[in-house]
Amino acid sequence: MANSPRRPVLALEVTALDSMLSLIWMLLCVVVIIVLAYLFTRYVAGRRGLGGFGAPGGTGRFKALARLSLGREQSAVLVQAGERYLLLGVAPSGVTLLAELSQEEAQELYAPSPGQPAPPTFGEALRTVLKQKKPR
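Quick look at the structure, then.

Reading the values: rules and limits
Here the residue index of a chain counts from 1 through its sequence in written order. With pLDDT at 70 or above as the cut-off, local features in this predicted model cover only qualifying residues; side-chain atom pairs require 80 or more to be listed or tallied, and sums for whole chains, interfaces and linings still use all residues. Excluding hydrogens and water, the side-chain figures rest on all heavy atoms present in the structure. Strands here mean DSSP runs of E at least two residues long; helices mean DSSP runs of H or I at least four residues long; both are numbered from the N terminus. For each residue, the accessible area found with a 1.4 Å probe, counting protein chains only, is set against the maximum for its type, and the residue is called buried under 20%, exposed over 50%, and partly exposed in between. Should any heavy atoms of two residues lie within 4.5 Å, those residues are counted as being in contact. Any carboxyl oxygen of Asp or Glu that lies within 4 Å of a side-chain nitrogen of Lys or Arg is treated as forming a salt bridge with it. Following DSSP output, two strands are said to pair if at least two bridges run between them.

Turning next to the overall build of the protein chain. Of regular secondary structure, the protein chain possesses 3 helices and 5 strands. Counting all 136 residues of the protein chain, 13% fall into the buried class. Pairs at least 24 apart in sequence give 12% of the contacts found in the protein chain among residues at least 6 apart.

The next point concerns the pattern of salt bridges. Any two side chains of opposite charge can pair, given that their charged atoms come close. Counted by the stated rule, this structure contains 1 salt bridge. The closest approach of N and O atoms between E100 and R84, which form a salt bridge, is 2.9 Å. With E100 in strand β5 (residues 94-101) and R84 in strand β4 (residues 84-91), the pair connects residues that are 16 residues apart, well separated along the chain. The class of R84 is partly exposed, set by a relative accessible area of 45%.

It is worth spelling out the pairing of strand β3 (residues 75-81) at this point. Here is the key point about a regular strand: its side chains alternate between the two faces of the sheet. Where burial is concerned, most of β3 is hidden: 6 out of the 7 residues are buried. The pairing of strand β2 (residues 62-69) with β3 spans 7 bridges and is classified as antiparallel. Residue pairing across strands places S69 opposite S75, the latter belonging to β3. The turn joining β2 and β3, which pair antiparallel and follow one another in sequence, is formed by 5 residues.

Put into structure tokens, the structure is as follows:
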């Protein structure tokens, strides 16, 4: 028999299988990243810290009730220390007492207004974005 060139059928099958496995692996990674982002935001929201979300936080008799960003590294923070309510200015150079407020004044500042809806959870925001995306 003469040496006839064999077609590389097996090589094509392996390449297709590798491509399919790569696609499945990539989709799995995307799903894992989305799940981890969701869990992380739930964890941060559960801690109720004053991190980047501006959520109230604190324990016992010392609490940060509200935060308002005033600039890149500047903010005003409403703090409850026992029976006292303090409005503090926070900047890289330090913390400054802006005002001491009565309980009624402080509640007016941090209580949500009746017509203001609660911010959406991560899951709700994700569903809204996915609904808005138009099919191609």
